[in-house]
Amino acid sequence: MDSEILKIHEAYRKGSLNCSGLIASRIGELEKSNHNSVNYMLSDLAMEMAAEADDRIKSGKELRPLEGIPFGIKDVYMLQGTSSSGSSGILKNYKAPYTATAIVKLLDAGAIPVARENCDCFGHGSSNENSYFGPARNALDKNLVPGGSSGGSAVNVARGFTTFSIGGDTGGSIRQPSGYNKVYGLKPTYGRISRFGLMAYASSTDCVGPISRSLEDIRLLINIMSGKDSRDQTTFKSDAIPDEIFRNDPDLKKIRIGYYRNFIESDNLDENIRNDFIRLIGILKEQGNAVEELEFYDDTILVSAYYVLAMAETASNLARLDGSVYGERVAGESIRDQYALTRSENLTEETRKRIVGGNQVLAHGYAEDIYQKARYLRKMITDSFNRDFRNVGIILSPVTPNTPPLLGSSLKNPMVMYLSDAYTVGFSLGGLPALTAPLGTDTGVQITAEKNGEERILKFAKYLKEIL
Ligand code: GLN
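Residues numbered from 1 in each chain as written. Predicted model: local features only at pLDDT ≥ 70, side-chain atom pairs only at ≥ 80, totals over all residues. Heavy atoms only, no water.

So, the side chain of Thr314
Tracing the backbone shows Thr314 in helix H10 (residues 299-317). Setting aside its immediate chain neighbours within four residues, Thr314 contacts His124, Tyr201 and Arg354. (Helix = DSSP H or I, 4+ residues; strand = E, 2+ residues; numbered from the N terminus. Contact = heavy atoms within 4.5 Å.)

Structure, rendered in structure tokens:
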């Protein structure tokens, strides 16, 4: 049994562990840690919930699926009554008036939130250095970035501070930090989990997803969070994924696998990651899997298309942060001055850059040439996926072109930072499910299937774990 959730439950049932003790020790570890992975601790709330869970456990009542399980929440989700800053200065004193749908479902299942986790401001970044709270540090080497934007979440899981964390992925923000900290992270199919209560970055690709050390727990968590939500019209109903999928299945050797030749041949790809990835493909061939080389768009095209669309959407979404309804207000002589001062003084440089860029690509005279072109590219990317998935069942790729950079280096060279998303953004534009599994290369392997193919992805990840 690889599920850490089930292991904790077993210990609760046997009486070898009590929830208050577990939660107190996780809080203690988080408080001692110098990874800067947390923006706000939720200690009082967590200890209160733990006492209730202990009562429940003692009473012999059936445990709810996540009873007494400590988890972390990326600081971009609404959790009623708690500070919800998006790692921004502008919302540092903002308290959420309601709770996000995905988080409500976790709480209803008995999970206990222990911390609101550090991330790049509003999801803008790939290194967790664009945070009002300062950078988080990589779980395995504190001199390195943890990746982003869900850096704090991946670090907390990797260090064992949380049993799972809920990240958010717009262009790679769950998958890339999961790769950099060697844990599992799933970006589900767009629309599988409600975005209601997630601060919007780019609404057309934003996804809620779990980060965990256990594949089995990823399955449990997406089953709990998935489902149609009348408050997010892009959601759809999906079937629960049964635990039998992790049983040995000889048919896995028959799955046809695709990988993108141009990803692997790219000059931007680290030599060791390339070699390890090629080795992994070789092992699959030895297992009898048919492997097909596929053509895709080059990393620079994917990154450009993604950033044009993401910046356009974030410029629109963040227009509400003007100090009149939301945000720390900086008074000016006129309402116009107030907007300008509030936004220039309280938003980070990276976020301001994206807002200016987004407004630019949407502006009259530019939208046709830039924004519409990116939308057209997105359509071509989707068509290309549809064609590929007629021939293959799984697409594999590296998660990142490089290993995590030193803290401080990404901000000096933003182009390199943007390119660290080269292998994740395409799948986001296609709305496809994609998992980072900490296997094969130093930053893991990305496993993608067609829409709603989470079951196949998890099955395949287990298979890969066994054969590697
Ligand atoms: N790093 C990418 C960006 O900055 C993706 C971020 C995300 O998925 N939230 O846009």
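Focus: the pairing of strand S3 (residues 112-117)
Burial analysis of S3 places six of its six residues in the buried class, the great majority of the element. As paired elements, strand S2 (residues 70-74) and S3 share five bridges and run parallel to each other. Its bridge partner being in S3, Ile73 is matched across the sheet by Arg116. Once you follow S2 into helix H4 (residues 101-108) and on to S3, the crossover reads as right-handed. (Buried < 20%, exposed > 50% of the residue type's maximum accessible area, 1.4 Å probe, protein only. Pairing = 2+ DSSP bridges. Right-handed = clockwise from strand over helix to strand, strands pointing away.)

Observations concerning the pattern of salt bridges
Summed over all chains, the structure comprises 22 salt bridges. Arg213 serves as the salt-bridge partner of Glu4, at 2.3 Å between the closest nitrogen and oxygen. Taken together, the residues span a long stretch of sequence, with Glu4 in helix H1 (residues 4-14) and Arg213 in the loop between strand S6 (207-212) and helix H7 (215-225) at a distance of 209 residues. On the accessibility criterion, Arg213 (26% relative accessible area) is partly exposed. The partner of Glu265 in a salt bridge is Arg261, with the nearest N and O atoms 2.3 Å apart. Here the residue Glu265 and the residue Arg261 both occupy positions in helix H8 (residues 261-265), the gap between them amounting to four residues, near one helical turn. (Salt bridge = Lys/Arg side-chain N within 4 Å of Asp/Glu carboxyl O.)

Observations regarding the site of the ligand
The environment of the ligand is made up of 15 residues, and the closest members are Thr170, Gly171, Ser173, Tyr201 and Tyr306. For the ligand, an oxygen atom lies 2.6 Å from a polar atom in the backbone of Gly171. Taken by itself the ligand offers 290 Å² of open surface, and the protein chains cover 100% of this. (Near = heavy atom within 4 Å. Polar contact = N/O pair within 3.5 Å; in protein donor to acceptor, adjacent residues only side chain to side chain. Areas by Shrake-Rupley, 256 points an atom, 1.4 Å probe, with all protein chains shown as cover.)

So, the side chain of Asn262
Tracing the chain through its elements places Asn262 in helix H8. Look past the residues within four positions of Asn262 in its chain and what remains in contact with it is Leu294, Glu295, Phe296, Tyr297 and Asp298.

Looking at the packing of H10 against helix H13 (residues 371-391)
In the contact formed by H10 and H13, the axes pass within 9 Å of each other and the chain directions differ by 125 degrees. One element, H10, and the other, H13, form an angle in the oblique class. Note that H10 runs across H13; the crossing there is left-handed. The segment H10 lies against H13, with Ile301, Leu302, Ala305, Val308, Leu309, Ala312 and Glu313 engaging Tyr371, Ala374, Arg375, Leu377, Arg378 and Ile381. (Axes fitted to C-alpha atoms, helices over the stretch in contact; angles between N-to-C directions. Parallel < 35°, antiparallel > 145°, perpendicular 65-115°, else oblique. Left-handed = near helix turned anticlockwise from the far one by under 90°.)

A short note on a negative patch on the surface
There is a patch of like negative charges on the surface, built from Asp44, Glu48, Glu52 and Asp55. Its place among the elements puts Glu52 in helix H3 (residues 43-58). A residue is classified by how much of its surface remains accessible, and Glu52, at 51% relative accessible area, is exposed. (Patch = residues over 30% accessible without salt bridge, like charges linked within 9 Å, V, L, I, M, F, W, Y side chains within 5 Å. Lys, Arg positive; Asp, Glu negative; His and termini not counted. Charge placed at Lys NZ, Arg CZ, Asp CG, Glu CD.)

These values are about where atoms sit, not about what they do.
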